[in-house]
Amino acid sequence: MGKNKLKKFAEMETLPCVHQYPFADLKATGTCPLRGRWNEDVFHNSAPITLELGCGKGEYAVGMGRTYPHRNFIGIDIKGARMWTGARQVCDEGLSNVAFLRTSIHLLPHFFAPGEVSEIWITFPDPQMKKVNKRLTGTHFLEIYRQVLAPGGIIHLKTDSPFLYAYTTGMISHNSLPLIAATDDLYHSP
Ligand SMILES: C[S@@+](CC[C@H](N)C(=O)[O-])C[C@H]1O[C@@H](n2cnc3c(N)ncnc32)[C@H](O)[C@@H]1O
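Colleague: Help me understand the pairing of strand 2 (residues 49-53) in this model?
Modeller: Sheet faces and side chains relate simply in a regular strand, where the side chains alternate between the two faces. Within strand 2, 5 of the 5 residues are buried, which leaves it mostly tucked inside the rest of the structure. Because side chains alternate across strand 2, one face comprises the buried residues Ile49, Leu51 and Leu53, and the other comprises Thr50 and Glu52, equally buried. With 5 bridges joining them, strand 2 and strand 3 (residues 72-77) adopt parallel strand pairing. Bridge pairing in strand 3 places Glu52 opposite Gly75.

As structure tokens, this is what we get:
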């Protein structure tokens, strides 16, 4: 592993906006101590919580956090070195409404109580053309999101993959989910 990556991992341990739980701890207790308590223990307010799944550097979590100071945002990714960029920005700018959680999206129900999440953003996920079970808009993942979303909760997908766009449209229909809005040409849409 590169020196730079190791440095980032070490720094992540010290950044107050970053939450990471070793899988062994989770296995022992079954849940994260923050489950159902993100507002009380992390944000210290009762504002709605939005997740950015597969956040990478957390561009959306940080950008939305700046734009909507009265909402809370949590960027989630399994890769810590990418997340470090967003986490550093959050600390440097003192954004108290943005946090990061390093874990696998499969484990969301261990980290969030039913109804604790208001909205989910899935930003430019890998379309996973060969591995259907890894597609973040597949039925298996939609069921995971349902377990943590509040009634009426919204899922936003932004993708530049026509394949994933078509697949997700099919999944929405297959799972009888209401479609609020869709465009296949966002930047030329009103
Ligand atoms: C193509 S990148 C997109 C990153 C970012 N959203 C962007 O737009 O630049 C996909 C990201 O999703 C993360 N990811 C994919 N599957 C995941 C999973 N099951 N749990 C956590 N993170 C996941 C990867 O680690 C990667 O950082």
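There's more to say after this.
Colleague: Where do I start with the packing of aromatic side chains in this structure?
Modeller: The tally for this structure, following the rule as stated, stands at 4 aromatic pairs. The interplanar angle of 45° and the centroid separation of 6.0 Å between the aromatic rings of Tyr21 and Phe111 together place this pair among those described as tilted. One end of the pair, Tyr21, is in the loop between strand 1 (18-20) and helix 2 (23-29); the other, Phe111, is in helix 6 (residues 108-111), with 90 residues separating them in the sequence. On the numbers, 5.2 Å between centres and 20° between planes, the contact of Trp38 with Phe112 is stacked. Residue Trp38 is located in helix 3 (residues 38-43), and its partner Phe112 is located in the loop between helix 6 and strand 5 (117-123); the two are separated by 74 residues in the primary sequence. With a relative accessible area of 0%, Trp38 lands in the buried category. Its guanidinium or amino end placed over the ring of Tyr167, Arg135 lies 4.6 Å from that ring's centre, counting from NZ or CZ.

Colleague: Whenever I open this one, the site of the ligand confuses me. Can you help?
Modeller: Neighbouring the ligand are 15 residues; Gly54, Asp77, Arg82, Ile105 and Thr123 lie closest to it. Note that an oxygen atom of the ligand is positioned 2.7 Å from one of the side-chain N or O atoms of Arg82. Backbone polar atom of Thr123 to a nitrogen atom of the ligand: 2.7 Å apart, as the coordinates give it.

Conventions and cut-offs
Residues numbered from 1 in each chain as written. Predicted model: local features only at pLDDT ≥ 70, side-chain atom pairs only at ≥ 80, totals over all residues. Heavy atoms only, no water. Buried < 20%, exposed > 50% of the residue type's maximum accessible area, 1.4 Å probe, protein only. Helix = DSSP H or I, 4+ residues; strand = E, 2+ residues; numbered from the N terminus. Pairing = 2+ DSSP bridges. Phe/Tyr/Trp six-rings, centres within 6.5 Å; stacked < 30°, edge-to-face > 60°. Lys NZ or Arg CZ within 6 Å of the ring centre and 35° of its normal. Near = heavy atom within 4 Å. Polar contact = N/O pair within 3.5 Å; in protein donor to acceptor, adjacent residues only side chain to side chain.

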